[in-house]
Amino acid sequence: MDFDDYVRARGAALVRLARLLTGDRHRGEDLAQEVLARAYARWSRISAANPEAYLRRMLVNAAITRWRRLSSREIVVADTGDSASRRDVESEVVERDALWRHVRQLPAKQRAAIVLRYYEDLDDASIAALLSCSTVTVRTQVKRALATLRGKVGADVALTPTGGHDD
């Protein structure tokens, strides 16, 4: 499969993953574009192996690197957007948005582990390969992230694999 065909087939999924990893739509799109541009130069080597796993790993690594670089310069401010009215937004959507706000505040590796586990529905071994760590480390990252999330939103947080729903 050539690069153009791959991007047409899987580009949207890679952008969704990047958006979840960065916690921001525009930064996610920029991250996906940056990673795809780097992958284009090495496509003959990437396509010979497993391009999906390789590009996911590139996204995760780039997101973690970007988070580390920007974390010392970014200033967190209160959400300035208009709050949604109850009549036009289902409570389920509001709860999901609140949860994702808390997920965005997690450290980069914990956020990556949560996104890969519950959004991408990957097993521990696949996540460990993407994050270059052991499966025990993956479970530890997920456990710590869930403990943090439960502390922020309550003990009734029940994350389940979503199988590719939009954020």
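See the structure printed just above.
First, a word on what this report is: a plain description of the structure on this page. (Residues numbered from 1 in each chain as written. Predicted model: local features only at pLDDT ≥ 70, side-chain atom pairs only at ≥ 80, totals over all residues. Heavy atoms only, no water.)

**So, the packing of helix α1 (residues 3–22) against helix α6 (residues 108–119)**
Where α1 contacts α6, the axes come no closer than 9 Å and their chain directions differ by 140°. What the angle tells us is that α1 and α6 run oblique. As for the relative orientation of α1 and α6, their crossing is right-handed in sense. Only Arg111, Ala112, Val115, Leu116 and Tyr119 of α6 make contact with α1, whose side of the interface consists of Arg16, Leu17, Leu20 and Leu21. (Axes fitted to C-alpha atoms, helices over the stretch in contact; angles between N-to-C directions. Helix = DSSP H or I, 4+ residues; strand = E, 2+ residues; numbered from the N terminus. Parallel < 35°, antiparallel > 145°, perpendicular 65-115°, else oblique. Left-handed = near helix turned anticlockwise from the far one by under 90°. Contact = heavy atoms within 4.5 Å.)

**Considering unusual backbone geometry**
Trans is the prevailing form of peptide bonds, just as negative phi is the prevailing case for residues other than glycine. Of note, the phi angle at aspartate 121 is positive, near 60°, even though the residue is not glycine. Its location among the elements puts aspartate 121 in the loop between α6 and α7 (124–131). Its relative accessible area of 46% is what places aspartate 121 among the partly exposed residues. (Buried < 20%, exposed > 50% of the residue type's maximum accessible area, 1.4 Å probe, protein only.)

**Comments concerning the pattern of salt bridges**
Inspection of the entire model under this criterion finds 8 salt bridges. Residue arginine 8 is joined to aspartate 5 by a salt bridge in which the shortest nitrogen-to-oxygen separation is 3.5 Å. Of this pair, arginine 8 and aspartate 5 both sit in helix α1, separated by 3 residues, roughly a single helical turn. For aspartate 5, a relative accessible area of 37% puts it in the partly exposed group. Across the pair arginine 10 and glutamate 52 runs a salt bridge, and its minimum N-O distance is 2.8 Å. Residue arginine 10 is located in helix α1, and its partner glutamate 52 is located in helix α4 (residues 51–71); the two are separated by 42 residues in the primary sequence. Since its relative accessible area comes to 17%, glutamate 52 is described here as buried. A single network of salt bridges, built from pairs that share partners, joins Arg10, Glu52, Arg56 and Glu120. (Salt bridge = Lys/Arg side-chain N within 4 Å of Asp/Glu carboxyl O.)

**A word on empty space enclosed by the protein**
Picture a little ball the size of a water molecule; that probe, rolled over the atoms, points out where space is still empty. Within the structure shown, the criterion is met by 1 cavity of 30 Å³ or more. Roughly 30 Å³ of internal volume is contained in the largest cavity. If you trace the largest cavity, you find it lined by Leu21, Val60, Ala63, Ile64, Ala108, Arg111 and Ala112. Each residue belonging to the lining of the largest cavity can be placed in one class, and the counts come to 6 nonpolar, no polar and 1 charged. (1 Å grid on protein atoms, 1.4 Å probe; cavity = no way out; pocket = protein on both sides within 12 Å on 5 of 7 lines; lining within 4 Å. Points joined across faces, edges and corners; volume = space filled by probe spheres on them. Nonpolar A, V, L, I, M, F, W, Y, C, P; charged D, E, K, R; others polar.)

**Remarks on the environment of tyrosine 40**
Inspection of the secondary structure puts tyrosine 40 in helix α2 (residues 25–41). Between the alpha carbons of tyrosine 40 and aspartate 2 there is a distance of 9.8 Å; along the sequence they are 38 residues apart.

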